[in-house]
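Residues per chain, in single letters:
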Amino acid sequence: MGWRLLRRMEKRGRANENYEKVVDEVYELDSADDFNAFLLAFKKKGGITVERRGIFAYYFTVESVEIERRPPMATGKVQAVATITLSLLKSSEGLIPPWELAPYSFRVSTRSIEETTTRFYPGVGDITYGRGLSTAVPLTNTAGSPLHGRSSRALALVEFSYNAPLSSFDSRLFWAAHGKINRLTTTICGMTFPPRTIRLESFGASYATETVETTDAAGANGSTTWRYYKIDVGLLANPRSYDQLFANVGTRLYRNGFLAQIWRWTVGGVARYGTYGEYRESGAKDGEPVGENVSLDFSGSAVSPIPTYRVGTPFEPVDFSSLGLPSEAPSQWRVEVE
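All residue numbers refer to position in the chain's written sequence, counted from 1. Under the rules for a predicted model, residues below a pLDDT of 70 receive no local features and side-chain atom pairs below 80 are neither given nor counted, while totals for whole chains, interfaces and linings still include all residues. Processing note: side-chain calculations cover all non-hydrogen atoms of the structure and skip hydrogens and water entirely.

**Structural notes on the overall build of the chain**
The test is simple: Numbering of helices and strands starts at the N terminus; helices are DSSP runs of H or I of at least 4 residues and strands are runs of E of at least 2. The globule rule used for comparison is 2.2 Å times the number of residues to the exponent 0.38, while the radius of gyration itself is calculated over C-alpha atoms. Only protein chains enter the accessibility calculation, which uses a 1.4 Å probe; a residue whose area is less than 20% of its type maximum is buried, one above 50% is exposed, and one in between is partly exposed. Contact between two residues is taken to exist if any of their heavy atoms lie within 4.5 Å; hydrogens are not considered. Counting rule for charge: Lys and Arg are taken as positive, Asp and Glu as negative, and neither His nor the chain ends is counted. Think of each charge as sitting on NZ of Lys, CZ of Arg, CG of Asp or CD of Glu.
Helix and strand content of the chain: three helices and 24 strands. Scaling as 2.2 N^0.38, a compact globule of 338 residues should have a C-alpha radius of gyration of about 20 Å, whereas the chain reaches 31 Å, well beyond that. Once the C-alpha set of the chain is aligned to its principal axes, its extents read approximately 105 × 45 × 35 Å. For the chain, buried positions account for 42% of its 338 residues. For the chain, restricting intrachain contacts to residue pairs at least 6 apart in sequence, the fraction spanning at least 24 positions comes to 68%. With 38 positive and 37 negative side-chain charges, the chain shows a separation of 4 Å between the mean positions of the two kinds.

What follows is the structure, encoded as structure tokens:
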């Protein structure tokens, strides 16, 4: 049970925005029963492969793989032809481990999202910002009545892959940060993001190996096998910040530890607002409770003559430095605008 490589043929190449080549590899399988195992063992799209040419090493990403199984021969053996498209990632004089390569498969596209929240993390400009709050708080006006935040916006989806040695990757860190935003300024793939401007949208990690031929100083041939994780990351970048403005409006005021209905009346043709008790004290006769939201001041204890806002985000800000995301620029850029 098993298979072996019979021959490898480089069919054609392309020198466009990337250097690509198409390779055919012909394998001989001991029997048709080996095809499933052969298929599962083959390097997948997005993986890394290395070729030695003298002292130079050429690193390619696998762009596509198609495998054709030929009919069984009289001996019971089967041939399988793998057509592989490879894209040049890097060439180097001598070998370097995959985790020292720059990020690859880098792609930027746009995505439209809609956000709705009833809880948020106060941001710069909010009345409660800087009070040591580390957990989400109810999204309310400053009087304490609930607000509902909803917005739609176009964001940049940044996707890339990189490799990490087995000893330095902990998937639990990514699970803990999934769906959260950066609390501090961070540099990823050569791009610097201010606080609260990127969100970890997706990630995946797969175990990978790569074996390459080596020659030592004495001229003896051997091989080196690298074992590592291939990590795929998706980030949603919001240049305007994930902090949002939520209109600080309501129909009640916060007075003496309680919520009081807002009343409206006029004095000399000028509208006044306050509690029912203040309306009675004014001597006006045209008072009525407000039926629609009005702007509150930052304390929530009075109506504001100008609009005021709560400022914050529904996404928890965390320190992205613990994720170990690559800071160096990718080897190739791809930007798509929809």
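Let us keep going from here.
**Brief notes about the side chain of S295**
Tracing the sequence through the fold places S295 in strand 22 (residues 294-295). According to the relative accessible area criterion, S295 is buried, its value standing at 18%.

**What to know about the nonpolar core**
Inclusion rule: In plain words, nonpolar cores are sets of buried Ala, Val, Leu, Ile, Met, Phe, Trp, Tyr and Cys residues tied together by side-chain atoms within 4.5 Å.
If you look at the biggest cluster of nonpolar residues, it comprises 23 residues, and the most contacted ones within it are F160, F174, I188, V233 and L325. Those elements giving two or more residues to this core turn out to be strand 6 (104-117), strand 9 (149-165), helix 2 (171-177), strand 13 (198-215) and strand 14 (221-237). Ignoring any residue separated from it by four or fewer positions in sequence, one finds V233 in contact with V158, E159, F160, Y162, F174, L200, S202, F203 and L325. With 13 residues, the next largest nonpolar core counts Y27, F35, F42 and A80 among its residues.

**Quick word on the packing of aromatic side chains**
Operational definition: Pairing of aromatic rings covers Phe, Tyr and Trp, the last through its six-membered ring, and needs centres within 6.5 Å; plane angles under 30 degrees mean stacked, over 60 mean edge-to-face, and all others mean tilted. Should the NZ of a Lys or the CZ of an Arg lie within 6 Å of a ring centre and within 35 degrees of the ring normal, that charge is described as sitting over the ring.
Applying the stated rule across the entire model yields 16 aromatic pairs. When the ring of F169 is compared with that of Y229, the centres are 5.3 Å apart and the planes differ by 50 degrees; the resulting orientation is tilted. Residue F169 is located in the loop between strand 9 and helix 2, and its partner Y229 is located in strand 14; the two are separated by 60 residues in the primary sequence. With relative accessibility at 26%, the residue Y229 sits in the partly exposed group. By way of ring pairs, the aromatic residues F169, F174, W175, F203, Y207 and Y229 are connected into one cluster. Above the face of the F35 ring, R69 is positioned so that its terminal group lies 5.9 Å from the ring centre. Lying over the aromatic face of F315, R199 brings its terminal NZ or CZ to 4.4 Å of the ring centre.

**Observations regarding the pairing of strand 18 (residues 258-261)**
Convention followed: What makes two strands pair is DSSP finding at least two bridges between them.
Note that strand 17 (residues 252-255) and strand 18 share four bridges and pair antiparallel. Bridge pairing in strand 18 places R255 opposite F258. Adjacent in sequence and paired antiparallel, strand 17 and strand 18 are bridged by two residues, among which N256 carries a positive phi angle near 55 degrees.

**Quick notes on the sheet that holds strand 5 (residues 78-93)**
Backbone hydrogen bonds are what pair the strands of a sheet, in a parallel or an antiparallel way. The test is simple: Think of each axis as a best-fit line through the C-alpha atoms, taken over the contacting stretch in the case of a helix, with angles from 0 to 180 degrees between the N-to-C directions.
Spatial strand order, 1-2-5-4-3: five strands in an open sheet with antiparallel pairing. Strands with a single pairing partner mark the edges of an open sheet, and in this sheet they are strand 1 (3-15) and strand 3 (48-53). When the angles between neighbouring strand axes are averaged without regard to direction, this sheet yields 35 degrees. In terms of strand pairing, strand 1 meets strand 2 (residues 19-29) through eleven bridges, oriented antiparallel. If you follow R14 over to strand 2, its bridge partner there is E20.

**Looking at the pairing of strand 3**
Where strand 3 and strand 4 (residues 56-69) come together, six bridges link them in antiparallel fashion. Each residue of the ladder has a partner; that of R53, found in strand 4, is F56. Counting the residues between successive antiparallel strands, the hairpin from strand 3 to strand 4 contains two residues, one of them, G54, with a positive phi of roughly 65 degrees.

**Quick look at unusual backbone geometry**
Despite not being glycine, S105 has its phi angle at roughly 50 degrees, a positive value. Structurally, S105 is set in strand 6. For S105, a relative accessible area of 41% gives the class partly exposed. With phi around 55 degrees, N256 is a residue other than glycine that occupies positive phi space. By the element assignment, N256 lies in the loop between strand 17 and strand 18. Judged by its relative accessible area of 77%, N256 is exposed.

**A look at the pattern of salt bridges**
Counted only if it meets this: For this analysis, a salt bridge means a side-chain nitrogen from Lys or Arg found within 4 Å of a carboxyl oxygen belonging to Asp or Glu.
Tallied over the entire structure, the rule returns 21 salt bridges. Residues E51 and R8 are paired through a salt bridge, measuring 2.6 Å at the closest nitrogen-oxygen approach. With E51 in strand 3 and R8 in strand 1, this residue pair connects regions lying 43 residues apart in the sequence. Note on E51: relative accessible area 8%, which makes it buried.

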